[in-house]
Amino acid sequence: MALAEIKILLLILALCFFQNIQALRTYTKTDLNNLRDEAKEMFYHAYDSYLKYAYPYDELRPVSCDGIDTYGSYSLTLIDALDTLAIMGNFSEFQRVVELLSTKIDFDTNINVSVFETNIRIIGGLLSAHLLSSKAGAKLEPGYPCNGPLLRLAEDVAKRLIVAFDTKTGMPYGTVNLRHGVPKGETPVTCTAGVGTFIIEFGALSRLTGDPIYEEVAMNALYALFNHRSSIGLFGNHIDTKTGKWTAQDSGIGSGIDSYFEYLVKGSILLQRPELMEMFYEVRKGIEKYMKKDDWYMWVSMVKGQVTLPVFQSLEAYWPGVLSLIGETSKAMRTLHNYHQVWQQYGFTPEFYYITQSEAGTGRESYPLRPEHIESIMYLYRATGDPFLLEAGEDILRSIKHSSRTPCGYATIKDVRDHRKEDRMESFFLAETTKYLYLLFDTDNFIHNQGEHGTLINTPNGECVIDAGGYVFNTEAHPIDPSALHCCHSMPNYNLFDFKEFQKNQHIYRGVHIKDLNKKPLDTPEDSNVTVLVLEALESVDTEANNNAEKSVIVLSEGLESLGNVSSNGEASEIETPQQKGGKLFDPQQMLERFRKENRYPRNRTWEGSYELLSCKAQKFLQRIAVMGEFFN
């Protein structure tokens, strides 16, 4: 080799070496705090603009500086952003919004809504905010966390959605009317994600309220869907919920299917149901065998497995985060690197990206401020601490600030190739995108608690621990506190969820629904013995938190029966939803009894006892925290 060639080779090697060094930038604590504050400013620019220009509409239009209703006319963005306020430490605004929602929001309206979107955004948002109310210093009702205004609102919505599951298969319709149930002539065809994305919200709702119907109905739908997979273990994109026939047979991990896979893993962790993890491992076999090509995931035929669409969708970027939850961080990182190359190519990830041509898909070039990419980055950074992930997060922060910001918020990118704007800011920008950015850089946030500390509270079911970390995010980034779910029931050893003990005292936990409160004022009886339980501070609290909330004092009541949701005849009142089906009043309990009697999709008893599946190399604390409440039963 000639001397000149050797010099050129050495120069190339040196350049590669210095590029690698540059890629491993060191982030100081000051750097992280500055990036955290930038993410926080991004949230407040959008949030304040929504309040100023759009409230009470569902969404802000950031170019027109006005509002629009999109998913149901119930101030969607306000509900979706509520737990982000708590995570960012703005407890005073959190308390204001909770009070506003508790007294103003009424879901008894004659409007058609998406069952899927209403569940993940509204029920998920209300449940998360309810469980964060203690941390955020909101006023707590007797029986918390088994009682509270936001919990009752969440259950009210669930009672209005559950009629959608009244099908031959137990898989839900895609649309319901909040007042009248399934609209006349509604198509039974819905997407796979629309069937399999309920177990987190409905499971948490059952554990908190003591009503098993929500968790059981969601599990029935999951079993139904699992039993309709193809002979090679794949799922199509859309299914007829009446017949169980697939109407769209393209199979992938993205749009229309995505959160089904996500909820198998997260639902298993949150509710300690190993059968869901078994389902995930089973369906993943087909994903790895037929879809995975060089750390990309293609779309294939659900019947034969051949590639039908060599496309990466921006919605698929959640997948590395899911892999991190089962400890497969190396595979997750390789796929994430592929996805981030697309971001770096355009400054955003387009809805469709043709892998073989390395270009955005025609007609699908937009970026609607989606969170999935930063979601996986946040999860993987918590699992690995790889500084590359901080750089990737900063890339996302810079792109959005540079190209999406408007005087009134942040706008969807209509075309990633020229960064033209579109006049829309979906609520998930405040619920997810800004939240994940903030949590990536705020390494000391209480959400990252790995079980080192918690808060001991006294409830009618005995002592239990809340705020102990291990939060499980639903697909709208609403964190659910797994330890709190154990405060409202007894779970002997590792048996299946048992509501018997709770049902005996269910009336104790019920509070007053806002409609009942407006009809009849609630007076505190003279003989109610209200006590103050002073909690030992188990963690250090920063100055901002101290200024916004009382951290160590919770008012609980020993005379809970006298303060519950009691009607004039002394019995606990129930939320009535006059939903019609076939001209008759719909009875969800009859539907559940039918599911039990028919037993179309029998449970796998062996899987239900496979608790060793819930161990996790990357994030063991999720499993450890989920069972902490059992120690205090």
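Anything mentioned here points back to the structure above.
Predicted model only: the values in this text are computed from it and were never measured.

1. Some points on the pattern of salt bridges
Argument step 1. Taken as a whole, this structure holds 44 salt bridges when the rule is applied.
Argument step 2. Across the pair Arg 596 and Glu 216 runs a salt bridge whose closest N-O atoms are separated by 2.6 Å. Of this pair, Arg 596 sits in helix α21 (residues 588–598) while Glu 216 sits in helix α9 (residues 213–226), and the two are 380 residues apart along the sequence.
Argument step 3. You can call Arg 596 partly exposed: its relative accessible area is 37%.
Argument step 4. On the accessibility criterion, Glu 216 (29% relative accessible area) is partly exposed.
Argument step 5. Its salt-bridge partner being Glu 394, residue Arg 398 comes within 3.4 Å of it at the nearest N-O pair. Placement of both Arg 398 and Glu 394 in helix α15 (residues 387–403) is noted, with a separation of four residues, approximately one turn of the helix.
Argument step 6. We classify Arg 398 as partly exposed; its relative accessible area is 35%.
Argument step 7. Three or more residues are tied together by salt bridges with common partners; here these are Arg 284, Glu 288, Lys 292, Asp 295, Glu 328, Lys 331 and Arg 334.

2. Brief notes about the environment of Asn 599
Argument step 1. One can find Asn 599 in the loop between α21 and α22 (605–608).
Argument step 2. Accessibility expressed as a relative area gives 43% for Asn 599, which makes it partly exposed.
Argument step 3. Separated by 379 residues in sequence, Asn 599 and Asn 220 have C-alpha atoms that sit 9.1 Å apart.

3. A closer look at the pairing of strand β20 (residues 455–459)
Consecutive side chains along a regular strand alternate between the two faces of the sheet.
Argument step 1. Residues Thr 455, Ile 457 and Thr 459 of β20 are buried on one face, while the alternating residues Leu 456 and Asn 458, pointing to the opposite face, are not.
Argument step 2. Note: β20 against strand β21 (residues 462–466), five bridges, orientation antiparallel. Residue pairing in the sheet places Leu 456 in a bridge with Val 465 of β21.
Argument step 3. Turn length for the β20-β21 hairpin, with the two strands adjacent in sequence and antiparallel, is two residues.

4. A word on the sheet that holds strand β14 (residues 352–354)
Pairing between the strands of a sheet comes from backbone hydrogen bonds, and it takes one of two forms, parallel or antiparallel.
Argument step 1. Reading across the sheet, the three strands line up as β13-β14-β15 and stay open at both edges, with antiparallel pairing between neighbours. Because the sheet does not close on itself, it has two edges, and the strands there are β13 (311–313) and β15 (359–360).
Argument step 2. Two strands pair when backbone bridges link them, and β14 and β15 are joined in this way by two bridges, in the antiparallel orientation. The residue of β15 that forms the bridge with Tyr 353 is Ala 360.

5. Overview of α9
Argument step 1. The first and last C-alpha atoms of α9 sit 20 Å apart over 14 residues, in line with the 20 Å expected at 1.5 Å per residue.
Argument step 2. The buried fraction of α9 is high, at 13 of 14 residues.

6. Examining unusual backbone geometry
Argument step 1. Put simply, Tyr 55 and Pro 56 share a cis peptide bond, and its omega is 10 degrees.
Argument step 2. By secondary structure assignment, the location of Pro 56 is in the loop between α2 (29–54) and β1 (59–61).
Argument step 3. Look at the link from Tyr 144 to Pro 145: it is a cis peptide, with omega at 5 degrees.
Argument step 4. Tracing the chain through its elements places Pro 145 in the loop between α5 (115–132) and α6 (149–161).
Argument step 5. In this model, Cys 65 sits at a positive phi of 60 degrees, which is unusual for a non-glycine residue.
Argument step 6. Within the secondary structure layout, Cys 65 lies in the loop between β1 and β2 (66–68).
Argument step 7. On the accessibility criterion, Cys 65 (25% relative accessible area) is partly exposed.
Argument step 8. Phi at Asp 294 takes a positive value of approximately 55 degrees, unusual for a residue other than glycine.
Argument step 9. Within the secondary structure, Asp 294 is located in the loop between β9 (292–293) and β10 (296–297).

7. Observations concerning the state of the cysteines
Argument step 1. Considering all chains together, one arrives at three disulfides under this definition.
Argument step 2. Covalently, Cys 146 is tied to Cys 488 through a disulfide, its sulfur atoms 2.1 Å apart. When the S-S torsion is -100 degrees, as for the bridge of Cys 146 with Cys 488, the disulfide is left-handed. Of this pair, Cys 146 sits in the loop between α5 and α6 while Cys 488 sits in the loop between β23 (479–480) and α17 (500–504), placing them 342 residues apart in sequence. Taken as a pair, Cys 146 and Cys 488 share a single burial class, namely buried.
Argument step 3. Cysteine pairing in the protein chain follows 1-3, 2-6, 4-5, where each cysteine in a disulfide is numbered by its order in the sequence.

8. Observations concerning the pairing of strand β18 (residues 412–415)
Argument step 1. One ladder, built from three bridges, connects β18 with strand β19 (residues 420–422); its direction is antiparallel. Residue pairing for β19: Ile 413 is matched across the bridge by Lys 421.

9. Examining the packing of aromatic side chains
Argument step 1. Tallied over the full model, the rule gives 30 aromatic pairs.
Argument step 2. Ring centres 5.8 Å apart and planes at 65 degrees place the aromatic pair Tyr 297 and Trp 319 in the edge-to-face group. On the criterion of sequence distance, the pair formed by Tyr 297 in strand β10 and Trp 319 in helix α12 (residues 319–325) is long-range, its members being 22 residues apart. Side by side, Tyr 297 and Trp 319 carry an identical accessibility label, which is buried.

10. A closer look at the environment of Glu 186
Argument step 1. Structurally, Glu 186 is set in the loop between β4 (175–177) and β5 (189–191).
Argument step 2. For Glu 186, a relative accessible area of 21% puts it in the partly exposed group.
Argument step 3. Separated by 10 residues in the primary sequence, Glu 186 and Val 176 place their C-alpha atoms 8.5 Å from one another.
Argument step 4. Contacts of Glu 186, omitting those with residues within four sequence positions, involve Tyr 173, Gly 174 and Thr 175.

11. What to know about helix α16 (residues 428–441)
Argument step 1. With 14 residues, α16 extends 19 Å between its outermost C-alpha atoms, agreeing within 8% with the 20 Å of an ideal straight helix rising 1.5 Å per residue.
Argument step 2. The largest bend along α16 measures about 30 degrees and falls at Lys 435.
Argument step 3. Across the 14 residues that make up α16, a large majority, 14, are buried.

Calculation rules
Residues numbered from 1 in each chain as written. Predicted model: local features only at pLDDT ≥ 70, side-chain atom pairs only at ≥ 80, totals over all residues. Heavy atoms only, no water. Salt bridge = Lys/Arg side-chain N within 4 Å of Asp/Glu carboxyl O. Helix = DSSP H or I, 4+ residues; strand = E, 2+ residues; numbered from the N terminus. Buried < 20%, exposed > 50% of the residue type's maximum accessible area, 1.4 Å probe, protein only. Pairing = 2+ DSSP bridges. Expected span 1.5 Å × (residues − 1). Disulfide = S-S within 2.5 Å. Phe/Tyr/Trp six-rings, centres within 6.5 Å; stacked < 30°, edge-to-face > 60°. Contact = heavy atoms within 4.5 Å. Bend = angle between axes of the 7 residues up to and from the residue.

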